[in-house]
Amino acid sequence: MSVELQLYSKKNCHLCDIAKKELELLKQRVGITYQEIDIYNDDQLLEKYGLMIPVVEYKGEIIQYGRVDCEEIQKFLKNRN
């Protein structure tokens, strides 16, 4: 499965750390990749996602935010591909 996800996060964020662990687990299971983007490096992203992070996107579509769960992401991707 060749899928790239975007993870919008920030430093010192407990939920973001959990999201990274979940995405690493998914990476090991099905071979996804993800790009981590710090919302504090872009004012537009900070405004858009400030209260939602962590946010996981696939092809511009938000698929999860807040509490990220690799099982749910895997189900979502399976239904999309």
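Note: the structure precedes this text.
Let me sum up the structure you'll find in this document. (Residues numbered from 1 in each chain as written. Predicted model: local features only at pLDDT ≥ 70, side-chain atom pairs only at ≥ 80, totals over all residues. Heavy atoms only, no water.)

The description of two packed helices rests on the angle between their axes and on the distance between the axes. Here helix α1 (residues 14–30) crosses helix α3 (residues 70–80) at 50 degrees, and the two axes come no closer than 9 Å. Relative to α3, α1 is oriented oblique. The element α1 and its partner α3 pack so that their crossing is right-handed. Contacts from E22, L23, L25, L26, R29 and V30 in α1 reach C70, E71, I73, Q74 and L77 in α3. In terms of residue class, the contact of α1 with α3 is made up of 7 nonpolar, 1 polar and 3 charged. (Axes fitted to C-alpha atoms, helices over the stretch in contact; angles between N-to-C directions. Helix = DSSP H or I, 4+ residues; strand = E, 2+ residues; numbered from the N terminus. Parallel < 35°, antiparallel > 145°, perpendicular 65-115°, else oblique. Left-handed = near helix turned anticlockwise from the far one by under 90°. Contact = heavy atoms within 4.5 Å. Nonpolar A, V, L, I, M, F, W, Y, C, P; charged D, E, K, R; others polar.)

Bringing the environment of S2 into the picture now. Among the structural elements, S2 can be located in the segment before β1 (4–9). S2 sits 12 residues away from H14 along the chain, and the two C-alpha atoms are 28 Å apart.

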